[in-house]
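Okay, here's what each chain looks like letter by letter:
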Amino acid sequence: MSSVLPIKESARELILEAARMLQPRFREMAELWRQRIQEEFQFDERTLVALERLNLGVSLMVASHADFNEFTENLHYYGRRLAKLRVDTRQVARSLEIYQRIASSFLAEEFGPRSCDVMVAMESLASASFVAVSGAYFDVQESASDALLKILDAELSAINLTALLERVLVVTEGIFGAQLGIVLLVDPETNKLRVRSSTGLAPEFGQGIAIGPGQGFTGHIFETGEPDMLPDLAKSTGLLNRELREHARALWGVPLRIDDRVIGVLTLGFEKPYEWLPSELELLRAVAERSAMAIDRARMTDALREREIRIVELSGHLLKAQEEERKRISRELHDETGQALMVIRLYLGMLDAVVKTDEAKAKIGELLGVVDRTIEGIRRIMGRLSPLVLQELGLISAIRKEAKDLTKNAGVRARVEISENFGRLDPVMETAIYRVVQESLHNVAKHAQARNVRIHMERRGETLKLEIEDDGIGIRPVTNSMRPSFGLAGMQERVKTLGGQMKVASREGEGTRISITVPLPARAEKPRKHPGARASRALMGTGS
């Protein structure tokens, strides 16, 4: 006969013998125990029933069937129930002691001189029972702690509010053994509860449901801010959703509160009539409090994420509008200012042909020089506003031209490294990448005091990698917060609009490296050999 209780075989045999002898008197013993326990503690009926399941009368009935495993399960089950009823373990020990004293007189009558040996066996059973009950109390406390840790884990692992609500429901149902769960959150615009997540019900459950304060079961919890339950729906006549009546026999509900503000209601449904126990209500409150804080934070995170998405979208729209405005200004410079300067130059040339004096010719020559320099300056401005080389020959040629211009105008040796099969990209992406390179090289020329700069760009699977590195003085820490670096910020925004990331690594006196990673869209053109590439190696160019 196996048992998990630490009782010797000889003691078990005496216990079984006592069970057989006392079985006709179990009812009498139970009545005496109830009378004395009520005189001392005044327990309610639920507590009395649970305690009675632990006393030696029940244990002897179980033992009379030679099933100590069943008895052990009985101890654990009712030990957990007593823990949830918040009965002190000292009261449990006193209950066992009272029953043992009652049993001792009956044992003396039945066993005579052997009663001492039997009582020793009974005491070992009572001690083992108390140890098992204490373990059950510990299990309840551990389960409560584990439940709150699971809610915290759900908060940390959920990627958004929807995922968090699903995890909270799954965890809460597991804690309390519920069959279904619903989370309703308050719509701030209408101040009504709306279903945001549910389990154990049809996927479309909750569509169109809007519950105001005081309406039905959840509306009452929303209005009062206090937990409520319907332990037996068969006896409930209040307003309740038809589908809930079909799938549950009992309902628990608890408000989700942040300080004094109710942000929602958590509802659990059970397959059998079920009234919560005091510790279960306490744990339900704790789970709801932890869940409410997690939901509130997830809402704020989702709102910030949504706001960031909108900012990125707006930034992309502004950058697009900026590029269109650059093109418009470039066209106007070409069509109006450029044409006007060409006319002025033409008339100055005609005037130079008719004047006779050297002084007049000299003045006209000076004017022609000014006009030529102005035309060259406008061409340079037009190139920076909307470079034709980018539109006509693509990103690689445009980057190479920027590198050559850097060498020509600033004396910085620029090296371009781009794989020969890089190919063309989407025009919007090409423009954004070009502007990032352009701004980086402008910063090198203006601030870096560098002698060399390297521009490396390649495809790695479905990703574009861009790296710009110089050997200048590095980026000094910003000491004036009123003058932020809009150049780097603008580059960051352009990369964000492409769904990419930009990292800046710099140490004073050791140069700067800007690394950019951008996902390539699926519809991007397949890599093809660039017209100016050499077949034998990657494109390697310098500004010299």
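Coordinates for the structure precede this section.
Report on the accompanying structure. Only a predicted model underlies this, so the values are computations on that prediction, with no experimental measurement involved.

### Let's talk about the layout of surface pockets
Here the idea is plain: a probe the size of a water molecule rolls over the atoms and shows the empty space left.
Then comes step 1: The space that makes up the largest pocket amounts to roughly 1000 Å³.
Then comes step 2: In terms of lining, the largest pocket is formed by 35 residues, of which the most central are Arg379, Arg380, Met382, Gly383 and Arg384.
Then comes step 3: Only helix 11 (278–354), helix 12 (358–385), helix 13 (388–393), helix 14 (395–410) and helix 15 (427–448) provide two or more residues apiece to the lining of the largest pocket.
Then comes step 4: Element by element, the count of residues in the lining of the largest pocket is highest for helix 11, at nine residues.
Then comes step 5: For the lining of the largest pocket, the class distribution of residues is 15 nonpolar, 10 polar and 10 charged.

### Remarks on unusual backbone geometry
Then comes step 1: A positive phi is found at Asn191, a non-glycine position, where the angle reads about 55°.
Then comes step 2: Along the chain, Asn191 falls in the loop between strand 1 (180–187) and strand 2 (192–199).

### Notes on the sheet that holds strand 4 (residues 250–258)
Then comes step 1: Read across the sheet, five strands follow the order 2-1-5-4-3 without closing on themselves; strand pairing throughout is antiparallel. Taken across any chain shown, the strands that pair with only one partner, and hence form the sheet edges, are strand 2 and strand 3 (228–230). On average, each strand axis in the sheet is tilted by 20° relative to the strand beside it, whichever way the strands run.
Then comes step 2: Two elements, strand 1 and strand 5 (residues 261–270), share six bridges in a ladder whose sense is antiparallel. Of the residues in strand 5, the one forming a bridge with Ile182 is Thr267.
Then comes step 3: Where helix 8 (residues 161–176) meets the sheet, it contacts strand 1, strand 2, strand 4 and strand 5, and its direction lies at approximately 70° from that of strand 2.

### Overview of the nonpolar core
Then comes step 1: Within the largest apolar cluster, 42 residues are counted, with the highest numbers of intra-cluster contacts made by Met29, Trp33, Leu54, Leu82, Val92 and Leu107.
Then comes step 2: Mapped by element, the contributors of at least two residues to this core are helix 1 (9–22), helix 2 (26–41), helix 3 (45–52), helix 5 (68–84), helix 6 (89–111) and helix 7 (115–157).
Then comes step 3: Here the element with the most residues in this core is helix 7; it accounts for 10 residues.
Then comes step 4: Apart from the residues within four sequence positions on either side, Leu107 is in contact with Ala18, Leu22, Gly112, Ser115, Val118, Met119 and Met122.
Then comes step 5: In this structure, Leu390, Leu406, Phe422 and Val453 belong to the second largest nonpolar core, which totals 38 residues.

### Notes on the environment of Gln215
Then comes step 1: Relative to the assigned elements, Gln215 resides in the loop between strand 2 and helix 9 (216–224).
Then comes step 2: Relative accessible area serves as the criterion here: at 40%, Gln215 is assigned to the partly exposed category.
Then comes step 3: In this structure the C-alpha to C-alpha distance between Gln215 and Lys192, which are 23 residues apart in sequence, comes to 9.9 Å.
Then comes step 4: Ignoring any residue separated from it by four or fewer positions in sequence, one finds Gln215 in contact with Ala210 and His220.

Rules and cut-offs
Every chain is numbered on its own, with residues counted from 1 as its sequence reads. With the structure being a predicted model, the display of local features is reserved for residues of pLDDT at least 70 and the display and counting of side-chain atom pairs for 80 or more, all residues being used for whole-chain, interface and lining totals. Side-chain numbers come from the whole structure's heavy atoms, not from hydrogens or water. Here a cavity denotes a set of grid points, spaced 1 Å apart and computed over the protein atoms alone, in which a 1.4 Å probe fits but from which it cannot get out, and a pocket denotes an open set meeting protein on both sides within 12 Å along at least five of seven lines; residues with an atom within 4 Å of a point are reported as lining. Grid points are joined across faces, edges and corners, and a volume is the space filled by probe spheres set on the points. In this text, helices come from DSSP runs of H or I with a minimum length of four residues, and strands from runs of E with a minimum of two, each type numbered from the N-terminal end. When residues are grouped by polarity, Ala, Val, Leu, Ile, Met, Phe, Trp, Tyr, Cys and Pro land in nonpolar, Asp, Glu, Lys and Arg in charged, and all others, Gly among them, in polar. When DSSP finds at least two bridges between two strands, those strands are taken to pair. Working convention: axes come from line fits to C-alpha atoms, limited for helices to the stretch in contact. Angles between N-to-C directions cover 0 to 180 degrees. Two residues qualify as a contact provided that any one of their heavy atoms is within 4.5 Å of a heavy atom in the partner residue. In plain words, nonpolar cores are sets of buried Ala, Val, Leu, Ile, Met, Phe, Trp, Tyr and Cys residues tied together by side-chain atoms within 4.5 Å. Note on classification: 1.4 Å probe, protein chains only; a residue is buried when its accessible area is under 20% of the maximum for its type, exposed when over 50%, partly exposed between these limits.

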